[in-house]
Amino acid sequence: MTRHALKGAALGALRGVGQVDFQASVWTSAVILAALWVESWEMGLFATIGAVVATLTARLLAVPDDTVSQGLMTYCGVLGAIAMVVYLGHHPSTYVMAMAAAVMCTLVTATLNHLLTPFGLKAFTGPFCLVSLVMVLGAPSFERVWHGTPATAVTPASPTSPVVRWTDLWQGFFSNIGQIFFAGTWYVGLIMLVGLFLAGWKVGLFTVVGSATGLLTAWALGAPAALIGQGIYGYNAVLTALAFGVLLLRPDPWSYGYAVLAAAASTALTASLSVFFEVFGSHTFTWPFNITTWALLAAVPLLPRLIRAEDG
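Right, let's walk through the structure included here. (Residues numbered from 1 in each chain as written. Predicted model: local features only at pLDDT ≥ 70, side-chain atom pairs only at ≥ 80, totals over all residues. Heavy atoms only, no water.)

1. Re helix H3 (residues 41–60)
And step 1. With 20 residues, H3 ought to run about 28 Å at 1.5 Å a step, and its terminal C-alpha atoms sit 28 Å apart, in line with that.
And step 2. Of all the residues in H3, the buried ones are Met 43, Gly 44, Phe 46, Ala 47, Ile 49, Gly 50, Ala 51, Val 53, Ala 54, Thr 55, Thr 57 and Ala 58.
And step 3. Tucked inside the fold, the buried residues of H3 contact helix H1 (3–18), helix H2 (26–39), helix H4 (65–69), helix H5 (75–88) and helix H6 (92–116).
And step 4. Ala 62 sits one or two residues past H3 and shows a positive phi near 60°. (Helix = DSSP H or I, 4+ residues; strand = E, 2+ residues; numbered from the N terminus. Expected span 1.5 Å × (residues − 1). Buried < 20%, exposed > 50% of the residue type's maximum accessible area, 1.4 Å probe, protein only. Contact = heavy atoms within 4.5 Å.)

In structure tokens, the structure reads:
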């Protein structure tokens, strides 16, 4: 590997962390990665493993340098590796599973982008969701992989009361941002928010809008207050607001309104999918974001008020 290629791979591995939130900024990526190490050394380490393995896989398969260096083949591997330690626990076998998840996420990213491009859609975090779902569901069948359900895999038992306290709101606001990476500590979400503002005021603003929309929608529908405070109902709204508010549509008031609508829809869908995925801790991964974004983005060509960014 030439020096130029090595530099591109290193940048791609780092940017892959920020690309989970659609950001290629090196500074944003570095801050988010640092926040994951603050959450726990296991989470920081497995995010790093996922980033490196996914990037090297793309390099070995001769993916174009620009794609690799921008982290576009890496971000699902980052989430996939983190998911392994969250759902399988910290064991020697988990390192192997994390590397396997990162490799498969890279391959499935190529697959979904190829299949969805004719429809004007992107893979988003679909590869991570597919690979992690298959691996987590299959793990209990393999004695050398499964070591019992780790505490990290189970949504904590919580009261069903919808009575929201101030603490639930302000902690949930920041936890919504961290839960994209399975990080439930509010100050980790705060650090990530700082990193996203480094990518630009608009990125930071729509992160705030998405988190606030998720909070208000969950509260209005009477979601359990404790889960609102843990960020379980809002992280998909953050991703959805960033996608529509910053990345996918031409910037105008109609697009911004659509972004808020999409964020609210992803929050409602989170409840439905949480019941469906209850078998492994009710964590829906980022399926609500993917399903909502695919559905509402596919509708855009028939909605003249909305114009896709590449057409504007």
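2. A look at the environment of Pro 288
And step 1. Structurally, Pro 288 can be placed in helix H14 (residues 287–299).
And step 2. Owing to a relative accessible area of 0%, Pro 288 belongs among the buried residues under this scheme.
And step 3. What Pro 288 contacts, discounting residues up to four positions off in sequence, is Asn 236, Ser 266, Leu 269, Thr 270 and Leu 273.

3. Some words on the nonpolar core
And step 1. Among the nonpolar cores identified, the biggest contains 83 residues, and Ile 82, Met 84, Phe 181 and Phe 182 are the most heavily contacted of them.
And step 2. Beyond its immediate chain neighbours, meaning those up to four positions away, Ile 82 contacts Leu 36, Met 43, Phe 46, Ala 47, Phe 181 and Phe 182. (Core = buried A, V, L, I, M, F, W, Y, C linked by side-chain atoms within 4.5 Å.)

4. A closer look at the state of the cysteines
And step 1. According to the stated counting rule, one finds zero disulfides in the structure shown.
And step 2. This cysteine, Cys 105, is not joined by any disulfide, and Cys 76 carries the nearest cysteine sulfur, 5.6 Å off.
And step 3. Accessibility expressed as a relative area gives 0% for Cys 105, which makes it buried.
And step 4. Cys 129 carries a free sulfur, and the closest cysteine sulfur to it, the one in Cys 76, is 7.8 Å from it. (Disulfide = S-S within 2.5 Å.)

5. Points about the pattern of salt bridges
And step 1. Counted under the stated rule, the structure contains four salt bridges.
And step 2. Between Asp 168 and Arg 165 there is a salt bridge, and its shortest N-O distance comes to 3.3 Å.
And step 3. Given a relative accessible area of 53%, Arg 165 falls into the exposed group. (Salt bridge = Lys/Arg side-chain N within 4 Å of Asp/Glu carboxyl O.)

6. With respect to the packing of H5 against H6
And step 1. Look at H5 against H6: their axes get within 8 Å of each other, and the N-to-C directions meet at 145°. Regarding H5 and H6, the two cross each other, and that crossing is right-handed. Contacts from Cys 76, Gly 77, Gly 80, Ala 81, Met 84, Val 85 and Leu 88 in H5 reach Thr 94, Met 97, Ala 98, Ala 101, Ala 102, Cys 105 and Thr 109 in H6. (Axes fitted to C-alpha atoms, helices over the stretch in contact; angles between N-to-C directions. Left-handed = near helix turned anticlockwise from the far one by under 90°.)

7. Focus on unusual backbone geometry
And step 1. Positioned with a positive phi, Phe 22 is a non-glycine residue whose angle comes to about 70°.
And step 2. Here Phe 22 is to be found in the loop between H1 and H2.
And step 3. Positive phi values are uncommon outside glycine, yet Ala 62 reaches one of about 60°.
And step 4. Mapped onto the fold, Ala 62 is located in the loop between H3 and H4.
And step 5. Looking at Ala 62, the relative accessible area reads 63%, which means it is exposed.

8. Notes on the packing of aromatic side chains
And step 1. Under the defined criterion, the tally for this structure stands at 14 aromatic pairs.
And step 2. Ring centres of Phe 244 and Tyr 258 lie 5.5 Å apart, and the angle between their planes is 90°; on these two criteria the pair is classed as edge-to-face. Placement of the pair is Phe 244 in helix H12 (residues 235–248) and Tyr 258 in helix H13 (residues 253–276), with a sequence separation of 14 residues.
And step 3. Its relative accessible area of 0% is what places Phe 244 among the buried residues. (Phe/Tyr/Trp six-rings, centres within 6.5 Å; stacked < 30°, edge-to-face > 60°.)

9. Description of the side chain of Asp 252
And step 1. Within the fold, Asp 252 resides in the loop between H12 and H13.
And step 2. Judged by relative accessible area, Asp 252 falls into the buried class, the value being 12%.
And step 3. A polar contact of 3.0 Å, which involves the side chain of Asp 252, links it to the backbone nitrogen of Trp 254. (Polar contact = N/O pair within 3.5 Å; in protein donor to acceptor, adjacent residues only side chain to side chain.)

10. As for the packing of helix H8 (residues 166–178) against helix H10 (residues 201–221)
And step 1. Relative orientation of the contacting elements H8 and H10 amounts to 125°, with a least axis distance of 9 Å. When the axis of H8 is compared with that of H10, the two are oblique. Judged by the twist between their axes, the crossing of H8 over H10 is right-handed. For the pair formed by H8 and H10, the contact residues are Leu 169, Gly 172, Phe 173, Asn 176 and Ile 177 on the first element and Thr 207, Val 208, Ser 211, Ala 212 and Leu 215 on the second.
And step 2. Class assignment for the residues of the contact of H8 with H10 results in six nonpolar, four polar and no charged. (Parallel < 35°, antiparallel > 145°, perpendicular 65-115°, else oblique. Nonpolar A, V, L, I, M, F, W, Y, C, P; charged D, E, K, R; others polar.)

11. Digging into the environment of Thr 284
And step 1. Relative to the elements of secondary structure, Thr 284 occurs in the loop between H13 and H14.
And step 2. When its relative accessible area of 1% is taken as the criterion, Thr 284 is described as buried.
And step 3. Here the alpha-carbon distance between Thr 284 and Cys 129, two residues 155 residues apart in the chain, equals 8.6 Å.
And step 4. With near-sequence residues (within four places) excluded, Thr 284 lies in contact with Tyr 235, Asn 236, Thr 270, Leu 273, Ser 274 and Phe 277.
And step 5. Polar contacts involving the side chain of Thr 284 include one to the side chain of Tyr 235, which spans 2.9 Å.

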